[in-house]
Amino acid sequence: PDGGHKEFLHQLRRAEDRSIDLVAYANAVMPGLCSVTRSERGFFRISATNVSPFDQDIGIFGLRTDQAIEIGEPEFVLKLQKGQPVCDGAVILVPLVDNSTTIGLCCLERHRATEPFNLQDTEFLLAVGRMLGSAFRSALNRSADVASTPPCRWPEGLIGRSKSIEQLYRQIREASVNDMNVLISGPTGTGKDLVARGIHQTSKRTGPFIAQNVGAT
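It should be emphasised that the depicted structure is a prediction, and the values quoted were computed from it without experimental measurement. Every chain is numbered on its own, with residues counted from 1 as its sequence reads. With pLDDT at 70 or above as the cut-off, local features in this predicted model cover only qualifying residues; side-chain atom pairs require 80 or more to be listed or tallied, and sums for whole chains, interfaces and linings still use all residues. Calculation of side-chain values draws on the structure's entire complement of heavy atoms; hydrogens and water are dropped beforehand.

A.B. asks: Help me out: how do you make sense of helix H2 (residues 22-36) in this one?
C.D. replies: Three- or four-residue spacings in an α-helix give side chains the same orientation, since the helix completes a turn every 3.6 residues. Secondary structure elements follow DSSP: runs of H or I of four or more residues count as helices, runs of E of two or more count as strands, with numbering from the N terminus. Take the number of residues in a helix, subtract one, and multiply by 1.5 Å to get its expected span. Between the first and last C-alpha of H2 there are 21 Å, a value that for 15 residues agrees with the 21 Å anticipated at 1.5 Å per step. Think of it in three bands: with a 1.4 Å probe and only protein chains considered, a residue is buried below 20% of the maximum accessible area for its type, exposed above 50%, and partly exposed in between. Along H2, the positions that sit buried rather than exposed are Leu 22, Tyr 25, Ala 26, Val 29, Met 30, Leu 33, Cys 34 and Val 36.

Okay, here's the thing in structure tokens:
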């Protein structure tokens, strides 16, 4: 890594043994991480509660509540679960990993799509993800409310910060608590398959998710 990367990693190491407040620590880390990676905005998403195991965004920097970061890679959830990074032009996702368990993600976006994240950026951010995964888990374990927090279940292949996306998350969870049929409508390309997959994965259904293109039958 270059000098800026090395200094940032050194600062993270110095903070590893300290008793940290999770949210305050994330809020302090993200601006510096955006600066050293030349990113315009970013956030962390972690497993935070037993009720909603993948539903807390912290360290939000440069994002308004009406904004979202779009991910074009359809298999990004699976890759993150395996501890792999996801590069999508000017957007990158890296897993937050603690003891080989993915407990969340770090999402960064650069202002210009003409400056995609390169291999050096990716290797640096993977190292950051490992260090922060350990630090975040330690902070979670110090909290009585989340001491028994399970690993992320990654129920939806959706990432966003807008009010519409937050409402969609709630609707997916509401639809997943029973076995009733659910009708999802919308124009082609709006993500109906992702929503259906999210409902299936978040529910107690044990069978495989099977997508069928009705228009082609």
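A.B. asks: Teacher, can you tell me more about the nonpolar core here?
C.D. replies: When a protein is soluble and globular, its nonpolar side chains tend to lie buried together. Ranked by size, the top nonpolar core spans 32 residues in total, and within it Leu 33, Phe 44, Leu 108, Leu 132 and Phe 136 carry the most contacts. Elements that contribute at least two residues to this core include exactly helix H1 (3-15), H2, strand E1 (41-46), strand E4 (91-98), strand E5 (101-109) and helix H4 (119-141). At 11 residues, the largest contribution of residues to this core is made by H4. If we ignore the near neighbours within four places in the chain, the residues touching Leu 108 are Met 30, Leu 33, Cys 34, Thr 37, Ser 39, Arg 41, Gly 42, Ala 90, Val 91, Ile 92, Phe 117 and Leu 125. What is meant by a nonpolar core is a set of buried Ala, Val, Leu, Ile, Met, Phe, Trp, Tyr and Cys residues, joined one to another through side-chain atoms within 4.5 Å. Counting residues in each nonpolar core, the second largest holds 11 residues, with Phe 43, Leu 63, Ile 69 and Val 86 among its members. The criterion used for residue contact is that any of the two residues' heavy atoms lie within 4.5 Å.

A.B. asks: What am I meant to see in the layout of surface pockets here?
C.D. replies: Any empty space left between atoms is shown by rolling a water-sized probe over those atoms. The volume enclosed by the largest pocket comes to roughly 490 Å³. In this analysis, the protein atoms alone were mapped onto a 1 Å grid. Cavities are point sets where a 1.4 Å probe fits without being able to get out; pockets are open sets with protein on both sides within 12 Å along at least five of seven lines; lining residues have an atom within 4 Å of a point. Residue lining of the largest pocket: 16 residues in total, with Val 182, Leu 183, Ile 184, Ala 196 and Phe 209 positioned closest to the centre. Here the lining of the largest pocket is built from residues that sort into 8 nonpolar, 4 polar and 4 charged. Grid points are joined across faces, edges and corners, and a volume is the space filled by probe spheres set on the points. The nonpolar class holds Ala, Val, Leu, Ile, Met, Phe, Trp, Tyr, Cys and Pro. Asp, Glu, Lys and Arg form the charged class, and all remaining residues, Gly among them, are polar.

A.B. asks: Explain the pairing of E5 here, please?
C.D. replies: Consecutive side chains along a regular strand alternate between the two faces of the sheet. Counting buried residues along E5, 8 of its 9 residues qualify, which places the element largely inside the surrounding structure. Note: two strands are recorded as paired if DSSP finds a minimum of 2 bridges between them. When E1 meets E5, the two strands line up antiparallel, connected through 6 bridges. Among the inter-strand pairings, Ile 46 is bridged to a residue of E5, identified as Gly 104. Alignment of E4 against E5, held across 8 bridges, turns out to be antiparallel.

A.B. asks: Before we go on, may I ask you to explain H4 in this structure?
C.D. replies: With 23 residues, H4 should cover 33 Å at 1.5 Å per step; its first-to-last C-alpha distance of 33 Å lies within 8% of that length. Polar contacts here mean pairs of N or O atoms no more than 3.5 Å apart (in protein, one a potential hydrogen donor and the other a potential acceptor; neighbouring residues in sequence count only if both atoms are side-chain atoms). The backbone nitrogen of Gln 120 lies 3.1 Å from a side-chain oxygen of the residue at the head of H4, namely Asn 118.

A.B. asks: Quick question: what am I supposed to make of unusual backbone geometry here?
C.D. replies: Leaving glycine aside, a negative phi is the common case for residues, and trans is the common case for peptide bonds. Not every positive phi belongs to a glycine, and Arg 38 is a case in point at roughly 60 degrees. Looking at the secondary structure, you find Arg 38 in the loop between H2 and E1. At Asn 99, a residue that is not glycine, the phi angle is positive and equals roughly 50 degrees. By the element assignment, Asn 99 lies in the loop between E4 and E5. Among the residues examined, Asn 99 registers a relative accessible area of 70% and is labelled exposed.

A.B. asks: Any chance you could explain the side chain of His 200 here in plain terms?
C.D. replies: Relative to the helices and strands, His 200 is located in helix H6 (residues 192-202). Since its relative accessible area comes to 14%, His 200 is described here as buried. At 3.5 Å, the side chain of His 200 and the backbone nitrogen of Phe 209 are in polar contact. Aside from chain neighbours lying at most four places away, what touches His 200 is Arg 205, Gly 207, Pro 208 and Phe 209.

A.B. asks: Sorry if this is basic, but what is going on with the pattern of salt bridges here?
C.D. replies: A side chain with one charge can pair with a side chain of the opposite charge if their charged atoms come near. Basic side-chain nitrogens of Lys or Arg form a salt bridge, by our definition, when they fall within 4 Å of a carboxyl oxygen of Asp or Glu. Applying the stated criterion across every chain, the model contains 4 salt bridges. Notably, a salt bridge pairs Arg 41 with Glu 109, separated by 2.5 Å at the nearest N-O pair. Of this pair, Arg 41 sits in strand E1 while Glu 109 sits in strand E5, placing them 68 residues apart in sequence. On the accessibility criterion, Arg 41 (12% relative accessible area) is buried. For Asp 57, the salt bridge identified is with Arg 45, shortest N-O distance 2.5 Å. You can see Asp 57 sitting in strand E2 (residues 56-61) and its partner Arg 45 sitting in strand E1, a full 12 residues away along the chain. By relative accessible area, which is 13% here, Asp 57 ends up buried.

A.B. asks: I would appreciate a short explanation of the sheet that holds E5 in the present structure.
C.D. replies: Sheets are built from strands paired through backbone hydrogen bonds, the pairs being either parallel or antiparallel. Spatial strand order, E2-E1-E5-E4-E3: 5 strands in an open sheet with antiparallel pairing. For this open sheet the edge positions go to E2 and strand E3 (86-88), each flanked by a neighbour on one side alone. The average undirected angle you get between the axes of adjacent strands in this sheet is 15 degrees. Sitting on the sheet, H2 touches E1, E2 and E5, and the angle it makes with E2 is about 40 degrees. Most of the contacts of H4 go to E4, to which it runs at about 45 degrees, and overall it touches E1, E2, E3, E4 and E5. Lines are fitted to the C-alpha atoms to define the axes, a helix being fitted only along its stretch in contact, and any angle between axes, read from their N-to-C directions, falls within 0 to 180 degrees.

The quantities given are spatial measurements derived from coordinates; they are silent on function.
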